[in-house]
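# Inside the fold
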Amino acid sequence: MVERTAPLTIVPPLPIGDVLEAGFEWFKDTFDAFFDVVGDIVTGAIDGIAGLLLVPDPLLTAVVFALLAWLLRNWKLAAGSLVGMVVIIGVDMWEPAMETLALVVVATLVALLVGIPLGILAARSAVVSRILKPVMDFMQTMPGMVWLLPVLMLFSIGVAGALFATVIFALPPAVRLTELGIRQVDGEVVEAGQAFGANPRQILKDIQLPLALPTVMAGVNQVIMLALSMAVIAGLVGGGGLGNEVVGAISTLNLALGFDAGISVVILAIFLDRLTASIGSRRPGHGRLRELRGRFTRTQAGSPA
């Protein structure tokens, strides 16, 4: 290893980290009770969803996931999803996989509840957009492991800290792609809505968001993928699920355990990716449930009285 020597420079030391740490300590001491309550709520929500997923027999839940894939896309995705879920069951990773899925679901919901409104504000205001861009750049380029430090100080080791680190890491695509999708809506379409007397809320709800849906769903897809990748890293701080299995495999050099946990992460990622892509690509009013209902209605109408 090369020894570090004192640099010949006149630039004084900049204690940026020390200042940030002092400010964060004050923030933690001031709002510690609030974050305790938030941590309990978040932990309860994740545990509740995980418990709900683990109540039925694993094979039954796998069939439900496959049915959902068929409703949103086609039988090919349904068959692939069923095979993937059976593999997770077979490698004895079903319980940690459902814990990870619960963490990803809650983290994605929180990120979208924050990110989509911010993206809408950024699309409607150039000032908000200019403010958010460097913030999103900072959040997206900071290594994910670094976000584990402040949340550990706020929530200590456990699921709550893992969730908020995941939300911070996964939030930027929701903001960026929501703003992009709304800005890409044809201005003439918006002007036509205004000409018919639509107010800004109606234009947003009935014109801009429906037309921007594919781009917004691409943001949702990215949020889910980043949340899943961060959920595994969050195993270092007691996030549970497949992250704990990966960390345990690394600490014990257990290749078999690491591969089983890793392939389970891959299967979950593919399943969630294909589902969200299907939602974004399907035209409004053309869902498979509507198609099945239409077929049933036509059959009933064509049957003899």
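None of these values were measured; they are calculated from a predicted model.

### Quick notes on the overall build of the protein chain
When helices and strands are tallied, the protein chain shows 12 helices and zero strands. Counting from the amino terminus, helix and strand elements in the protein chain follow one another as α-α-α-α-α-α-α-α-α-α-α-α. Across the 305 residues that make up the protein chain, the buried fraction comes to 37%. For the protein chain, the exposed area adds up to about 17600 Å²; of that, 69% sits on carbon and sulfur atoms.

### Some points on the pattern of salt bridges
The tally for this structure, following the rule as stated, stands at four salt bridges. As a salt-bridge pair, glutamate 179 and arginine 183 come within 3.0 Å of each other at their nearest N and O atoms. With glutamate 179 and arginine 183 both in helix α7 (residues 159-183) and four residues apart, the pair spans about one turn of that helix. The class of glutamate 179 is buried, set by a relative accessible area of 9%. Using a relative accessible area of 44% as the deciding quantity, one classes arginine 183 as partly exposed. The residue lysine 205 makes a salt bridge to aspartate 206 at a minimum N-O spacing of 3.0 Å. A relative accessible area of 47% means that aspartate 206 is categorised as partly exposed.

### So, helix α1 (residues 16-54)
Given a rise of 1.5 Å per residue, 39 residues ought to cover 57 Å, yet the end C-alpha atoms of α1 are separated by just 46 Å, more than 12% below that figure. Of all the positions in α1, only Phe24, Phe35, Val38, Gly39, Val42, Ile46, Ala50 and Leu53 are classed as buried. Against the buried residues of α1 lie α2 (58-72), α4 (94-124), α6 (148-155) and α7.

### Some remarks on the confidence of the model for the protein chain
Per-residue confidence for the protein chain gives a mean pLDDT of 82, with 89% of residues at or over 70. Ranking the helices and strands of the protein chain by mean pLDDT puts helix α3 (residues 75-90) first, with 91, and helix α12 (residues 288-302) last, with 57.

### Details of the environment of tryptophan 94
With respect to the element layout, tryptophan 94 can be found in helix α4. The exposure class of tryptophan 94 is buried, given its relative accessible area of 6%. Spatially, the C-alpha atoms of tryptophan 94 and serine 264 are 8.5 Å apart, while their sequence positions differ by 170 residues. Not counting the four nearest positions on each side in its chain, tryptophan 94 is found in contact with Leu53, Leu54, Pro58, Thr61, Ala62, Phe65, Met85, Ile88 and Ile89.

### Looking at a negative patch on the surface
A contiguous patch of negative charge, built from Asp18, Glu21, Glu25 and Asp29, is present on the exposed surface. One can find glutamate 25 in helix α1.

### Some remarks on unusual backbone geometry
Even without being glycine, aspartate 92 reaches a positive phi, approximately 60 degrees. Here aspartate 92 shows up in the loop between α3 and α4.

### A few points about α3
For the α-helix, the turn length of 3.6 residues means that residues three or four positions removed from each other point alike. Given a rise of 1.5 Å per residue, 16 residues ought to cover 22 Å, and the 22 Å separating the end C-alpha atoms of α3 matches this to within 8%. The set of residues buried in α3 consists of Leu77, Ala78, Ser81, Gly84, Met85 and Ile88. Projection of α3 onto a plane perpendicular to its axis shows the buried side chains occupying an angular sector of 130 degrees, all on one side. Exposed residues on α3 whose side chains face more than 90 degrees from its buried face are Trp75, Lys76, Val83 and Gly90. One side-chain oxygen at the N-terminal end of α3 lies 3.2 Å from the backbone nitrogen of lysine 76; it belongs to asparagine 74.

### A short note on a nonpolar patch on the surface
Taken together, the side chains of Leu59, Val63, Leu82 and Val86 define a hydrophobic patch exposed on the protein surface, amounting to about 300 Å² of accessible area. Structurally, leucine 59 is set in helix α2.

### Remarks on the packing of α4 against helix α10 (residues 241-252)
Two elements in contact, α4 and α10, have axes separated by 5 Å at closest approach and are oriented at 125 degrees. Judged on the interaxial angle alone, α10 and α4 are oblique. Between α4, through Pro96, Ala97, Glu99 and Thr100, and α10, the contact on the second element is made entirely by Gly241, Leu242, Gly243 and Glu245. Looking at side-chain class alone, the contact of α4 with α10 contains three nonpolar, three polar and two charged residues.

The rules we used
- Residues numbered from 1 in each chain as written.
- Predicted model: local features only at pLDDT ≥ 70, side-chain atom pairs only at ≥ 80, totals over all residues.
- Heavy atoms only, no water.
- Helix = DSSP H or I, 4+ residues; strand = E, 2+ residues; numbered from the N terminus.
- Buried < 20%, exposed > 50% of the residue type's maximum accessible area, 1.4 Å probe, protein only.
- Areas by Shrake-Rupley, 256 points an atom, 1.4 Å probe, with all protein chains shown as cover.
- Salt bridge = Lys/Arg side-chain N within 4 Å of Asp/Glu carboxyl O.
- Expected span 1.5 Å × (residues − 1).
- Contact = heavy atoms within 4.5 Å.
- pLDDT = per-residue confidence, 0-100.
- Patch = residues over 30% accessible without salt bridge, like charges linked within 9 Å, V, L, I, M, F, W, Y side chains within 5 Å.
- Lys, Arg positive; Asp, Glu negative; His and termini not counted.
- Charge placed at Lys NZ, Arg CZ, Asp CG, Glu CD.
- Arc of directions from axis to C-beta.
- Polar contact = N/O pair within 3.5 Å; in protein donor to acceptor, adjacent residues only side chain to side chain.
- Axes fitted to C-alpha atoms, helices over the stretch in contact; angles between N-to-C directions.
- Parallel < 35°, antiparallel > 145°, perpendicular 65-115°, else oblique.
- Nonpolar A, V, L, I, M, F, W, Y, C, P; charged D, E, K, R; others polar.

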